[in-house]
Amino acid sequence: MNERQKDRRQVLSAITAVAASRALGFPLALAVNIWLARTLEREDFAFFGVLTTFSLLFALFAQAGFQTGVVRMLGEAEAGVERFGKAAIFYSSLLVTLAVGGLLACGFFFVGPVILPDISSATPWLFFLAAVLLVARSTNTVTAQALRGVGKVGASANLSGQGDQGGLIRCILMIAGIFFVSSYGALDLEAALVVSIVASLLCTIWASILVLRHTGLSSSMSGIGRTVRDGRHDNFNMLISEALLYWSWSTAAVVIGGVLIDASAMAGVVAAFQVSYILTSPITMIAGSVPRILIRLQKAGEQEELEAVLRGTASAAFLFCLVACAFLLAIGPAGFQAVFGPSYSDAYYHIAILSVGILFFVYCGLSGQALLLMGDTRVHRQVMLRTVLVTTPAYVLLALYFGPYGLSIGLALSMILQKILLIRAVKQDLGLNTQAYLDPREYLKLFRFMKRLIAQRG
């Protein structure tokens, strides 16, 4: 088998491993949200949802760039480019996350009431739990990303703290914890936060054990210090780029909405955004499956094959997203009421607005990840900065004039704007196209190729 076939088989194997995890993980995450939506008051559900979304942005700053940096550094070490010791890379990512995250959590304890929705049940203890959860999810995320860096993409997806409720194992732990608490009739907002903290800590410990079994336990403090010091420039660039990326995604809409819009009205937005994670799940799976392959192909100068991988994976994700959007639009408001509860018909109209932006977002493929992993991170940062400068005031104005629906309109516009700028930047910086194919014949080729690879694998 030639190298090209081997690369494509590795891509398929990685995506299959992640897809198998997410195929169960996403429905379980939705089940957690449905359970909470039906049990908690609307304002408490909005609080939990806004905190969950905010945790993604918090984690980026807490990890100080190691969220992608640990994948990149361990991926290079696995490919034979050993700038740093593998164990030192992992230890440095974990220690930095704990240190920076702890400092940020102390600040959050005092400013959290301004950031999160104003609810009647708010107490200092509630915001203390929220601060602990932010640190726990940050460490969960960075340890799971380290698994991705050493090639264990399936385990990484299962133990991840990213996304709405994290990976498959974290979702199972969440459901088990909620069931246990509910059996005693004590499921309220504080209990939900405690369950989420415990799930994150258990996944962090599990992921750490798997990583260290691969990298070995031994590393000197000088090696850890050198890893932090020498990698800080690249990590800082990735930190800023990814923070801008998250802010231009649903994070800005949810956080701004949490400040400007009544908590009860935000509940429909939160429910819709949680459903939107399912629509973008294929491109998320692919983004987490192929970093090592993309880096290796670029370093080998395989430009044609690199573009084929990018466009082929984008096409598969776009086809799924198109079908899923059509299904969600077909079930109507009654479908959302049946799932989340009789007061959540407004979530349908948010999804109808968001679907336009989501379809274009998925169509453009891994344009942002391509720049972060293989291109100039400064270019990515510039693109995202332009997007944020345009969309942040737009979110505020749209929220003030159109309420919660203004947030959905702003997010759809943000997704379209950022992808237009990103695909142009990827073309100029890397000479690549990342968009999905529009020619039906390409989809037939993709189907035949995957069928042949699966047969060979069998």
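Quick look at the structure, then.

About the cut-offs
- Residues numbered from 1 in each chain as written.
- Predicted model: local features only at pLDDT ≥ 70, side-chain atom pairs only at ≥ 80, totals over all residues.
- Heavy atoms only, no water.
- Helix = DSSP H or I, 4+ residues; strand = E, 2+ residues; numbered from the N terminus.
- Buried < 20%, exposed > 50% of the residue type's maximum accessible area, 1.4 Å probe, protein only.
- Contact = heavy atoms within 4.5 Å.
- Areas by Shrake-Rupley, 256 points an atom, 1.4 Å probe, with all protein chains shown as cover.
- Expected span 1.5 Å × (residues − 1).
- Bend = angle between axes of the 7 residues up to and from the residue.
- Core = buried A, V, L, I, M, F, W, Y, C linked by side-chain atoms within 4.5 Å.
- Axes fitted to C-alpha atoms, helices over the stretch in contact; angles between N-to-C directions.
- Parallel < 35°, antiparallel > 145°, perpendicular 65-115°, else oblique.
- Left-handed = near helix turned anticlockwise from the far one by under 90°.
- Phe/Tyr/Trp six-rings, centres within 6.5 Å; stacked < 30°, edge-to-face > 60°.
- Salt bridge = Lys/Arg side-chain N within 4 Å of Asp/Glu carboxyl O.
- Nonpolar A, V, L, I, M, F, W, Y, C, P; charged D, E, K, R; others polar.
- Patch = residues over 30% accessible without salt bridge, like charges linked within 9 Å, V, L, I, M, F, W, Y side chains within 5 Å.
- Disulfide = S-S within 2.5 Å.

1. Comments concerning the overall build of the protein
Here is step 1: Broken down by element type, the protein carries 18 helices and zero strands.
Here is step 2: By the burial criterion, 58% of the 458 residues in the protein qualify as buried.
Here is step 3: Pairs at least 24 residues apart make up 83% of the contacts formed inside the protein by residues separated by at least 6 positions.
Here is step 4: Approximately 18,200 Å² of the protein is accessible, and the part contributed by carbon and sulfur atoms is 66%.

2. Considerations on helix α4 (residues 86–115)
Note on helix geometry: an α-helix contains 3.6 residues per turn, so any two residues three or four positions apart are oriented the same way.
Here is step 1: With 30 residues, α4 should reach 44 Å at 1.5 Å per residue; the first-to-last C-alpha distance of 38 Å falls well below that figure.
Here is step 2: Phe109 marks the point of greatest bend in α4, at about 55°, and the proline Pro113 comes within the next four residues.

3. Overview of the nonpolar core
Here is step 1: Core analysis: the largest hydrophobic core is formed by 115 residues, its most contacted members being Leu36, Phe45, Phe108 and Phe340.
Here is step 2: What Phe108 contacts, discounting residues up to four positions off in sequence, is Leu51, Phe54, Ile115, Leu116, Phe127, Ala130, Ala131 and Leu134.
Here is step 3: One finds Ile89, Leu147, Cys203 and Leu212 within the second-largest nonpolar core, a separate group that totals 23 residues.

4. Topic: the packing of helix α2 (residues 42–63) against α4
Here is step 1: At a minimum axis distance of 9 Å, the contact between α2 and α4 shows a crossing angle of 140°. Here α4 runs oblique to α2, going by the angle between their axes. Where α2 crosses over α4, the handedness of that crossing is right-handed. Judged by residue contacts, Leu51, Phe54, Phe58, Phe61, Ala62 and Gln63 of α2 engage Val96, Thr97, Val100, Gly101, Leu104, Ala105, Phe108 and Ile115 from α4.

5. A look at the packing of aromatic side chains
Here is step 1: What the rule picks out here adds up to 13 aromatic pairs.
Here is step 2: Ring centres of Phe54 and Phe58 lie 6.5 Å apart, and the angle between their planes is 50°; on these two criteria the pair is classed as tilted. Here Phe58 and Phe54 lie together in helix α2, a separation of four residues that amounts to about one turn.
Here is step 3: Plain terms: the ring middles of Trp125 and Phe128 are 5.4 Å apart, the flat faces sit at 25° to each other, and that makes the pair stacked. Placement of the pair is Trp125 and Phe128 together in helix α5 (residues 124–149), with a separation of three residues, close to one helical turn.
Here is step 4: Judged by relative accessible area, Trp125 falls into the partly exposed class, the value being 46%.

6. A short note on the pattern of salt bridges
Here is step 1: Applying the stated criterion across every chain yields a total of one salt bridge.
Here is step 2: A salt bridge links Asp346 to Arg42, with the shortest nitrogen-to-oxygen separation between them at 3.6 Å. Of this pair, Asp346 sits in helix α14 (residues 346–363) while Arg42 sits in helix α2, placing them 304 residues apart in sequence.
Here is step 3: On the basis of relative accessibility, which here comes to 17%, the residue Asp346 falls in the buried class.

7. Considerations on the side chain of Ser414
Here is step 1: Relative to the elements of secondary structure, Ser414 occurs in helix α17 (residues 404–430).
Here is step 2: Here Ser414 falls in the buried class, since its relative accessible area comes to 0%.
Here is step 3: Look past the residues within four positions of Ser414 in its chain and what remains in contact with it is Ser248, Thr387, Thr391 and Tyr395.

8. A word on the environment of Pro282
Here is step 1: The residue Pro282 is located in helix α11 (residues 281–289) in this model.
Here is step 2: For Pro282, a relative accessible area of 12% corresponds to the buried category.
Here is step 3: Measuring from C-alpha to C-alpha, the distance between Pro282 and Phe320 comes to 7.4 Å, with 38 residues separating the pair along the chain.
Here is step 4: Dropping the residues within four chain positions of it, Pro282 is found in contact with Ala317 and Phe320.

9. Regarding the packing of helix α15 (residues 367–374) against α17
Here is step 1: Between α15 and α17, the shortest axis-to-axis distance is 8 Å and the interhelical angle comes to 40°. Considering the angle they form, α15 stands oblique to α17. Considering how the two elements wind past one another, α15 and α17 form a crossing that is left-handed. Of α17, the residues touching α15 (which contributes Ser367, Gly368, Ala370, Leu371 and Met374) are Lys419, Leu422, Ile423, Ala425, Val426, Asp429 and Leu430.
Here is step 2: Broken down by class, the residue content of the contact of α15 with α17 amounts to eight nonpolar, two polar and two charged.

10. Topic: a nonpolar patch on the surface
Here is step 1: A cluster of nonpolar residues, Val259, Leu260, Leu397, Leu400, Tyr401 and Phe402, forms a patch on the protein surface that exposes about 670 Å² of accessible area.
Here is step 2: Residue assignment for the nonpolar patch shows that the elements contributing at least two residues are α9 (221–260) and α16 (377–402).
Here is step 3: A per-element tally of the nonpolar patch places α16 first, with four residues.
Here is step 4: Along the chain, Leu260 turns up in helix α9.

11. Quick look at the environment of Ser218
Here is step 1: Tracing the backbone through its elements, the reader meets Ser218 in the loop between α8 (189–215) and α9.
Here is step 2: Sequence separation between Ser218 and Lys86 is 132 residues, and the spatial gap between their C-alpha atoms is 9.6 Å.

12. A closer look at the state of the cysteines
Here is step 1: All chains considered together, the criterion is met by zero disulfides.
Here is step 2: Just so you know, Cys203 is unpaired, no disulfide at all, and the nearest cysteine sulfur is the one on Cys171, 8.9 Å from it.

13. With respect to α17
Here is step 1: The terminal C-alpha atoms of α17 lie 38 Å apart, and with 27 residues this matches the ideal 39 Å at 1.5 Å per residue to within 8%.
Here is step 2: The first or second residue beyond α17 is Gly431, which carries a positive phi of 70°.

14. Overview of the environment of Ser121
Here is step 1: Positionally, Ser121 belongs in the loop between α4 and α5.
Here is step 2: A sequence separation of 68 residues divides Ser121 from Leu189, and the C-alpha atoms of the two residues are 8.7 Å apart.

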